[in-house]
Amino acid sequence: MIYGRINFVKKLIVANWKLNPQTIREAVTLAQASDQQNTVICPPFCFLPTVKKYIKRASLGAQDCFWEEGGAYTGKVSPVMLKNLGVEYVIVGHSERRKWLGETDEMINRKIKAAAKIGLKIILCVGESPAVHQRGIRAVKKFIGSQLLKDLTGTRGKLLAKNLVIAYEPIWAISTTYSKKSRDNSDTPQDAAGMINFIKKFLHSTLYILHSKVLYGGSVTSKNAENFLKYKEIDGALVGGASLKLKEIKKIIQFSSRYNA
Ligand code: PGA
């Protein structure tokens, strides 16, 4: 299959800082370096208000939320709290949460519904494990289709397509999850574009969702970003490790802005 390279949809870069950095000072420096249009900065909860103060062009995102608005849920943060802080996006279903915290598709579905109700934009992460990957492309498509179905069930009419972003993040490609050493695990851009094409068609035909952005995530760096972003199917990138390095994230945002002119 030949994938076109002309793109009419603005590319989105999501900087997922995960459990980093350790100080507010570093968070401010990082936020200022990433403060560009069509960029979503997702710091840990404790830095959200400070980062909000320092950004002018980027949007603010959270890395997770709970499904209740309030109540006796120690340690949780609700969508309404995020909204009231000026948060626009929330990442839901990241594979690290699925893996380390036992998040199920049912929990993710509840979070999506709660966040959608309050008007947050959702960045839903889906992706197959190394074991599924090894079983081949049919198994991968079946797995991703089933994740999308379970995570998005019952959201029709509650969630506008423009408020939904999907991040396709094959777990084996996420540098810090699968291999701590290598930063060269990323999928090939062509395979990633093929899967993203599949996701778009699946969203359309099965869930009647049209025009949601679908990003690629998994070891995106300044070295490979352009190879991914040049595919018209790939609407942007979710960047983990490289979003913590000032030069790296600046370059990645710069590449993506070429497509947004
Ligand atoms: P990575 O992380 O860019 O460090 O591979 C991506 C992610 O987990 O969102």
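Structure's up top.
What counts and how
Residues numbered from 1 in each chain as written. Predicted model: local features only at pLDDT ≥ 70, side-chain atom pairs only at ≥ 80, totals over all residues. Heavy atoms only, no water. Helix = DSSP H or I, 4+ residues; strand = E, 2+ residues; numbered from the N terminus. Rg over C-alpha atoms; globule rule 2.2 N^0.38 Å. Contact = heavy atoms within 4.5 Å. Areas by Shrake-Rupley, 256 points an atom, 1.4 Å probe, with all protein chains shown as cover. Lys, Arg positive; Asp, Glu negative; His and termini not counted. Charge placed at Lys NZ, Arg CZ, Asp CG, Glu CD. Phe/Tyr/Trp six-rings, centres within 6.5 Å; stacked < 30°, edge-to-face > 60°. Lys NZ or Arg CZ within 6 Å of the ring centre and 35° of its normal. Patch = residues over 30% accessible without salt bridge, like charges linked within 9 Å, V, L, I, M, F, W, Y side chains within 5 Å. Salt bridge = Lys/Arg side-chain N within 4 Å of Asp/Glu carboxyl O. Axes fitted to C-alpha atoms, helices over the stretch in contact; angles between N-to-C directions. Parallel < 35°, antiparallel > 145°, perpendicular 65-115°, else oblique. Nonpolar A, V, L, I, M, F, W, Y, C, P; charged D, E, K, R; others polar. Pairing = 2+ DSSP bridges.

1. Points about the overall build of the protein chain
(1) Moving on: When helices and strands are tallied, the protein chain shows eleven helices and eight strands.
(2) Moving on: What you see for the protein chain is a C-alpha radius of gyration of 17 Å, in line with the 18 Å of a compact globule of 261 residues.
(3) Moving on: Summarising its shape, the C-alpha atoms of the protein chain cover approximately 45 × 40 × 35 Å along the three principal directions.
(4) Moving on: Of the contacts made within the protein chain by residues no fewer than 6 positions apart, 71% connect residues no fewer than 24 positions apart.
(5) Moving on: With an accessible surface of roughly 12700 Å², the protein chain has 55% of that area assigned to carbon and sulfur atoms.
(6) Moving on: The protein chain carries 41 positive and 20 negative side-chain charges, and their two centres are separated by 3 Å.

2. Thoughts on the packing of aromatic side chains
(1) Moving on: Under the criterion given, the structure shown has five aromatic pairs.
(2) Moving on: Taken together through their ring pairs, the aromatic side chains of Phe66, Trp67 and Tyr73 make up a single cluster.
(3) Moving on: Positioned over the ring face of tyrosine 259 is lysine 11, at 5.3 Å from the centre of the ring.

3. Overview of a positive patch on the surface
(1) Moving on: Together, Lys223, Lys245, Lys247 and Lys251 give the surface a local cluster of positive charge.
(2) Moving on: With respect to the helices, strands and loops of the structure, lysine 251 is situated in helix H11 (residues 246–258).

4. Focus: the packing of helix H5 (residues 105–118) against helix H7 (residues 137–152)
(1) Moving on: Axis separation between H5 and H7 bottoms out at 7 Å; the angle between their running directions is 50°. Taken together, the axes of H5 and H7 are oblique relative to one another. Of the residues in H7, those in contact with Asp105, Ile108, Asn109 and Ile112 of H5 are Gln147, Lys150, Asp151 and Leu152.
(2) Moving on: For the contact of H5 with H7, the per-class residue count stands at three nonpolar, two polar and three charged.

5. Concerning the sheet that holds strand E4 (residues 89–92)
(1) Moving on: Reading around the barrel, the eight strands line up as E1-E2-E3-E4-E5-E6-E7-E8 and close back on themselves, with parallel pairing between neighbours. Across the sheet, the axes of successive neighbouring strands diverge by a mean angle of 25°, strand direction being ignored.
(2) Moving on: Taken together, the four bridges between E4 and strand E5 (residues 121–126) define a ladder with parallel strand orientation. If you follow valine 92 over to E5, its bridge partner there is leucine 124.
(3) Moving on: Set on the sheet, H11 makes contact with strand E1 (12–16), strand E2 (39–42) and strand E8 (236–239); between it and E1 the angle comes to about 160°.

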